[in-house]
Amino acid sequence: MLSSPALIEFVYMLVIDLAFLLVLTCLMLPLGIWRQAAFAVMKRNFSGYFSNPTGYVFLCLFVLLTSFAAFWPHEFFTTNLANFDQLNRFLPFIMLIFIPAITMSIWAEERRQGTDELLLTLPARDFDIVIGKYFAAVFVFTVSLLFSQLSNYAVLLAMTGGSLDTWLLFSTYFGYWFMGIAMLALGMVASFLTNNLTVGFIFGAAFNAPLAFFSRSDVILSDSRWIQRLFEWSLLQRFEPFGRGLISPSSIVYFLGIVCIGVYFSLILIGRRHWMGGRDGTSMFWHYLLRGVFLVAMVLGTVLVVQYSPINQARVDISSGQVSTLSPTSRTLLTELANEQAEESDATPPATITIDAYVSGNLPTEFVQTSYNLVNLLREFDVLGGNRIKVNLQQGIQPYSQEAIHAEQRYGIRPEKVVSRTRGAIREEDIIFGVAVSSGRQRHVIPFIPYGTPVEYRLMRAIESVAKPARKKLGVIRTDASVLGDYFDITGEDGKVQRRQLPMMRIFAELQEEYDVEQVSAAQAVPVWLEDDAGKPARRRFDVMIVVQPSKMSPTEIQNLAEVIRLGQPLVIFEDVLPNPVEFQTFPGTFFPRTIGRPTAETGDIQKILDLLDLNIDRIKRQQIWFPTLLSRAASNPYKRDRSLELPERLVIRDEEIALSDKKFADHPVTRGITEIEMDFAAAITPSPDSKLEFLPLVTSGRAGTISMLEFGNGFDFQNGIASEQLVNYRTSPERSYPVIAQIRGSAAPVSDTAEDPGQPADEKINVIWVADVDMLSDRFVQLRDFPISGDGVEYRFQNVALVQNMVDYMAGTDTWMDLRNRRQRQSTLTVVENAIAAAMARDYELTQKFMKDKTQAEMKLMEEIRSRLEPLKKQLEAMEKRGQRDEEYQVKMQQFEALAREQVQPAQAQMEQMNIELQEQLRQLRLDAELEIQQTQRNFKLAAVIIPPIPPLLMGLIVWTRRRLLEREGISKARRLK
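Residues numbered from 1 in each chain as written. Predicted model: local features only at pLDDT ≥ 70, side-chain atom pairs only at ≥ 80, totals over all residues. Heavy atoms only, no water.

Side note on the overall build of the chain
Working step 1: Per the secondary structure count, the chain includes 32 helices and 28 strands.
Working step 2: Across the 979 residues in the chain, those meeting the buried criterion constitute 51%.
Working step 3: Considering only residue pairs separated by 6 or more positions, the chain has 78% of its internal contacts joining residues 24 or more positions apart.
Working step 4: Roughly 46,900 Å² of accessible area belongs to the chain as shown, and the carbon and sulfur atoms make up 56% of that amount. (Helix = DSSP H or I, 4+ residues; strand = E, 2+ residues; numbered from the N terminus. Buried < 20%, exposed > 50% of the residue type's maximum accessible area, 1.4 Å probe, protein only. Contact = heavy atoms within 4.5 Å. Areas by Shrake-Rupley, 256 points an atom, 1.4 Å probe, with all protein chains shown as cover.)

Shown next as structure tokens:
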């Protein structure tokens, strides 16, 4: 049953189809005005096809086959995309059955019945007869296609609840229409060769088979060059842009070229009575054959010219989601690269950029959309990049095939083991999903593309890195927070010094792909400017700098950092009053002393930096120690199944919760496109009341309260990262919005009279972004960005990584990648099916939690019973211990206590073990039931998809059959009918 939104979408598609039919009809008007004979032939053949019940049989078969192909392959539900990708693969082969069924009678039936002579004696040209019959076949096919489209579209609407990309699906069927009219032209040639319907059917299929099977040439050929050449000329490859929502000039020219060839050869065949010659005539067979060959050559040439000319770049993406449209950033860069190639002169031309992509077949569900986006992007790169970019796309490769071996040997792209959830079950698979971009000696390899990766951003970064190797410089000031990886000494509880190594944080490994990253020591003065030959400042040494936890620097380092800020160096500061104790154990919070001595254990005064920036951090002083005020989560948890986000220190900030009246969060380049981040143990930052610096909040906490770190510490186990129940339920009031990330700009007086920088420009101003949370840099957020779906089916949308990269780019004066980094191309998915699956998984989760709770309560009750049985003896022993009685009677009582404990505990342990076994069996049965429920939902949709679509044409066929029977009986007497 279609919902109201689904009905609206169905009517919308119906209006689009009617508009298409209206345009097609208008194109036929000249035929009715200036070619009346052709119009009469078209009308006769069209009405003849649909006045015969046999036509409806073929129509039902066509609709049934397209429904089977669209919805019955297992990959349809695995990919979870609301499109006709599965039908695209099979339609050329379905056409090999349906198209000859339409064309076999175009001329063969006329010759069989002898009506061809009548047609040829009409006052009409051969062209009128051929074009009339061809357009009749086109209209028959168009009506059949509309039945199939509306039926399959209705099924998709039922699966999505009305959330569909209507124009993408229309574009797909528009491509089917072009493919069909091309095959009709070739099938019509077959009908002009014979007067036998069966032979006409076979010839029609045979003439179209090569173009349909070129896409499967790898089955019989091993030469990759020939496979690629044949694939490029296949029906499926030329249709491919339409399946992505693109109206492609080269594809249209290809299909119309086949139409011209088919119609022209049909004209030659119908007119052969004039040129074949007879007993006294002269045959012109070779003349017309040569004309046909020249026409084929002209069509091939035209297709190639359009394909490799700027005309083909004028492709239009009509899909609502713009699924095949590159961002303006990508288009600009590709245009620049293509122009560089076009403008080459006598100088050495720029090297070709080669993109080798390797994609496994049957990817897990989570990877399907990413793969879809990757393939779309690569095809657009191939077109828009001109001769400068060459794309080699290897799809459907197996983990241990020859292509996979080549990818590993040449680029280091190897199969990766991934764990995925397919149809509710957890599976482990080896897949290949990597890209290598090379140009000359430059090479950038992405060995594996996680499904959460922003694909367009990663590809464009790779292309630019090989096309324009020069990069900006990022300086990372060294602190106790060894974000670039370092060795450090730490003193253990036994007083021994242990040497440990920290790996580079993953966010900085990604920044290395965009910047030349250099670690800088602030133990000495940090040179901010590079001088020219005259000794004057020419340019900055670093385009941007980062310092993490500057409060863990020595006094000298703090002083030098202050000078760097005063000199106007663009700087991003990450300072956390309480870094997550589970993830960051090597350095404490802002107001705590250093734990790592480098080069001295003395801790600098971070207040100097705060004063320089006119910043305040709310805190109280107890026993000479500052205790900051932490922000406490007050808003609702958006991820109900992740109980860890219920902890008060976990702050999920979403765009709809950010109460900035001037909307700077949405409009600032740093935060444009950022919709959700998470912060841990964060503290608010506010400007000093008398500050003369500009304080620009970039991110606020949304609805949050506050909690003193003293109160927080009383209920939090820092060693294990566990909060007490009282702390979990702690909420503060009133709720308000607190700044947590801000940009500070403006002029400031020198911090030190001894600092000198004679080359400093006079107009330099402070330019700092302060981030009140080091946890933003956690490897956990890179992992959640790459693999956002957890094992429990929770899909996280945190954009911490993109926000950090945006801040660095903005301070470096680079705005190229900000919008592209946050761009997500989302295809329509099977929402109703997803909801059914989610409901099944939610029930599984709730019942699992209930079973676990029941098991825990049963174990606690059992242990309480054991304690109650042991209590009398225990009290007697405690009383004897208080009296100091350690005699023989005490020993006997102790032995009795131990024996009774063993007697009670052993059965209890066996009982608890049995409870564990029963629990595991119940959980296994729950998951099995959930998977069976999911599969049953999919089967129901499959059955509906093949049962419902053929019903409308079948009913129409029955109506036509009944009407014909009634007309046949009208002229028969009642007596004869009774006989």
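Here the narrative resumes.
Considerations on the pattern of salt bridges
Working step 1: The tally for this structure, following the rule as stated, stands at 21 salt bridges.
Working step 2: Residue Glu513 is joined to Arg458 by a salt bridge in which the shortest nitrogen-to-oxygen separation is 3.8 Å. Separated by 55 residues along the polypeptide, Glu513 in the loop between α20 (506–511) and β12 (515–520) and Arg458 in helix α19 (residues 455–467) bring together distant segments of the chain.
Working step 3: Among the ionic pairs, Asp516 bridges to Arg471, the shortest N-O distance being 3.1 Å. Linking Asp516 in strand β12 with Arg471 in the loop between α19 and β9 (472–477), this pair joins segments that are 45 residues apart in sequence. (Salt bridge = Lys/Arg side-chain N within 4 Å of Asp/Glu carboxyl O.)

Details of the sheet that holds strand β8 (residues 442–446)
Working step 1: Strand order in the open sheet made by the four strands is β4-β3-β7-β8, with mixed pairing throughout. If you trace the sheet from one side to the other, it starts and ends with β4 (389–397) and β8, each paired once. When strand polarity is set aside, the average angle formed by the axes of neighbouring strands in this sheet is 10 degrees.
Working step 2: Bridge count for strand β3 (residues 353–360) against strand β7 (residues 433–439) is six bridges, and the pairing is antiparallel. Looking at β7, one finds that Tyr358 is bridged to Gly434. (Pairing = 2+ DSSP bridges. Axes fitted to C-alpha atoms, helices over the stretch in contact; angles between N-to-C directions.)

Structural notes on unusual backbone geometry
Working note: non-glycine residues mostly have negative phi, and peptide bonds are mostly trans.
Working step 1: Positive phi, normally seen in glycine, also occurs at Gln549, with a value near 55 degrees.
Working step 2: Along the chain, the position of Gln549 falls in the loop between β15 (544–548) and α21 (555–566).

So, the packing of helix α9 (residues 166–191) against helix α10 (residues 197–213)
Working step 1: One can describe the packing of α9 onto α10 by two numbers: an axis separation of 8 Å at closest approach and a directional angle of 140 degrees. Relative to α10, the element α9 is oriented oblique. Two packed elements cross with a definite hand, and for α9 against α10 that hand is right-handed. Within the contact between the two elements, α9 uses Met183, Leu186, Gly187, Val189 and Ala190 and α10 uses Gly200, Phe203, Gly204, Phe207, Asn208 and Leu211.
Working step 2: Here the contact of α9 with α10 is composed, by residue class, of seven nonpolar, four polar and no charged. (Parallel < 35°, antiparallel > 145°, perpendicular 65-115°, else oblique. Left-handed = near helix turned anticlockwise from the far one by under 90°. Nonpolar A, V, L, I, M, F, W, Y, C, P; charged D, E, K, R; others polar.)

Let's talk about the pairing of strand β28 (residues 766–771)
Working step 1: In terms of burial, β28 is largely enclosed, as six of its six residues are buried.
Working step 2: Residues Ile766, Val768 and Trp770 point to one face of β28 and Asn767, Ile769 and Val771 to the other, with burial holding for every one of them.
Working step 3: Strand direction decides the pairing type here: strand β16 (residues 571–574) and β28, joined by four bridges, are parallel. Residue pairing across strands places Ile573 opposite Trp770, the latter belonging to β28.

Examining the sheet that holds β9
As a general point, the strands of a sheet are linked pairwise by backbone hydrogen bonds and lie either parallel or antiparallel.
Working step 1: Strands sit in the order β12-β9-β15-β16-β28-β27-β23 across an open sheet of seven strands; the sheet is mixed. Across the chains shown, the open sheet's two edge strands, defined by having one partner strand only, are β12 and β23 (694–700). For this sheet the average axis-to-axis angle between neighbouring strands, irrespective of direction, equals 20 degrees.
Working step 2: The sheet contact formed by β15 and β16 spans four bridges and is parallel. Pairing of Ile546 across the sheet is with Val572, part of β16.
Working step 3: Against the sheet, helix α27 (residues 800–811) makes contact with β9, β12, β15, β16, β23, β27 (739–746) and β28, and its axis sits at roughly 175 degrees relative to β28, the strand it touches most.

What about the confidence of the model for the chain?
Working step 1: For the chain, mean pLDDT is 81; residues scoring 70 or higher make up 83% of the total.
Working step 2: Mean pLDDT per element in the chain: helix α25 (residues 725–728) is the minimum at 51, and β16 is the maximum at 96.
Working step 3: In this model, residues 658–664 is a region of pLDDT below 50 whose contacts with residues beyond four sequence positions or in other chains number 13 contacts.
Working step 4: Confidence drops under a pLDDT of 50 for residues 751–759, and excluding neighbours within four residues, the segment shows twelve contacts in the predicted structure. (pLDDT = per-residue confidence, 0-100.)

Here's the deal with the packing of aromatic side chains
Working step 1: Scanning the entire structure with this criterion turns up 38 aromatic pairs.
Working step 2: Between the aromatic rings of Phe46 and Phe139, the centroid separation amounts to 6.2 Å while the plane-to-plane angle is 75 degrees, which identifies the pairing as edge-to-face. Taken as a pair, Phe46 in helix α2 (residues 36–50) and Phe139 in helix α8 (residues 126–160) lie far apart in primary sequence, 93 residues in all.
Working step 3: On the accessibility criterion, Phe46 (29% relative accessible area) is partly exposed. (Phe/Tyr/Trp six-rings, centres within 6.5 Å; stacked < 30°, edge-to-face > 60°.)

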